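Here's the letter readout for the chains.
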Amino acid sequence: MTDQYTRLLEWRRAEAASRGLAKLPHDFYSTTRTYLGEARRVFESELRSNPSGKKGELARQTYQRASQVARDVVEARMTKVLSQAFQASVGGAKDLPNALPEERSLFDELLGRLRAHRQAVAPFLEPGAAGTEPAAEPAPPPPSPVPAAPGASAPAAPGTLLVRVLKDGRPIVVGGESVELRKEDLLSLPAETARLLIEAKVAEAVRPQEPPATT
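Residues numbered from 1 in each chain as written. Predicted model: local features only at pLDDT ≥ 70, side-chain atom pairs only at ≥ 80, totals over all residues. Heavy atoms only, no water.

### A word on the nonpolar core
Piece 1. In this structure, Leu 8, Leu 24, Phe 28 and Leu 36 are the most contacted members of the largest nonpolar core, which totals 16 residues.
Piece 2. Mapped onto this core, the elements with two or more residues apiece are α1 (4–17), α2 (28–49) and α3 (54–89).
Piece 3. Ignoring anything within four residues of it in the chain, the contact list for Phe 28 reads Leu 8, Trp 11, Val 73, Val 74 and Leu 100.
Piece 4. In terms of nonpolar packing, the next biggest core, distinct from the first, is built from 12 residues, Val 163, Ile 172, Leu 189 and Leu 197 among them. (Core = buried A, V, L, I, M, F, W, Y, C linked by side-chain atoms within 4.5 Å. Buried < 20%, exposed > 50% of the residue type's maximum accessible area, 1.4 Å probe, protein only. Helix = DSSP H or I, 4+ residues; strand = E, 2+ residues; numbered from the N terminus. Contact = heavy atoms within 4.5 Å.)

So, in structure tokens, the structure goes:
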């Protein structure tokens with residue numbers, strides 16, 4: 001009959017050779033804990049009764065080697081479970097062939113935590129996300145409304161420029177108000193905003209017409 005140490009060696013070889021989880025007995029974790037606990041008690045008992053005896057030293061070496069083999073098996077399987085949980089969190093399959101009950105529980109917990117983290121810090125990655133930021137509620141209109149009448153001319157207020165919109169564009173925010181950009185509209189805008197639109201060739205500066213000379 002194969003002893004537990006030899007089984008551990010076989011399971012480690014199988015785990016190393018398998019891309020997924022290797023098939024292990026359903027009671028792998030409980031039997032391994034029991035075996036290592038007994039191996040530790042044996043070598044400690046032998047060393048207490050005969051500290052310089054070879055039997056105690058051999059028992060100690062057996063326990064240490066068995067512990068390392070068991071650690072290799074467990075950590076290899078944990079790494080595979082973690083990888084599979086990440087893949088599932090980004091849309092991969094939730095299947096976990098050959099998972100033991102303890103590993104399935106770990107997988108489900110990891111999957112839940114990974115999904116919650118993704119939704120909290122990167123909601124824009126979720127299917128159907130409209131944008132990176134939630135839509136802001138419209139702000140109340142500023143005390144001085146921005147003129148925006150097509151074809152109309154109006155003097156620009158101090159610190160502003162009068163521009164003509166050359167093509168439709170995305171709305172801009174001026175003084176807390178969202179202003180639509182429609183072709184041929186005349187807008188009185190803060191100088192910096194106007195400059196950016198002119199540089200982007202979305203608008204052109206409009207110089208006020210000089211009054212006709214009187215004779």
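Now that the structure has been shown, the text picks up again.
### Some remarks on the packing of α1 against α2
Piece 1. Interaxial distance between α1 and α2 falls to 11 Å at its minimum, and their mutual angle equals 135°. Judged by the angle between their axes, α1 and α2 are oblique. Seen from above, α1 lies across α2 with left-handed handedness. Contacts between α1 and α2 involve Gln 4, Tyr 5, Leu 8 and Trp 11 on the former and, on the latter, Phe 28, Thr 31, Thr 32 and Tyr 35.
Piece 2. Residues belonging to the contact of α1 with α2 are distributed by class as follows: 5 nonpolar, 3 polar and no charged. (Axes fitted to C-alpha atoms, helices over the stretch in contact; angles between N-to-C directions. Parallel < 35°, antiparallel > 145°, perpendicular 65-115°, else oblique. Left-handed = near helix turned anticlockwise from the far one by under 90°. Nonpolar A, V, L, I, M, F, W, Y, C, P; charged D, E, K, R; others polar.)

None of the figures reported here should be taken as evidence of function without further support.
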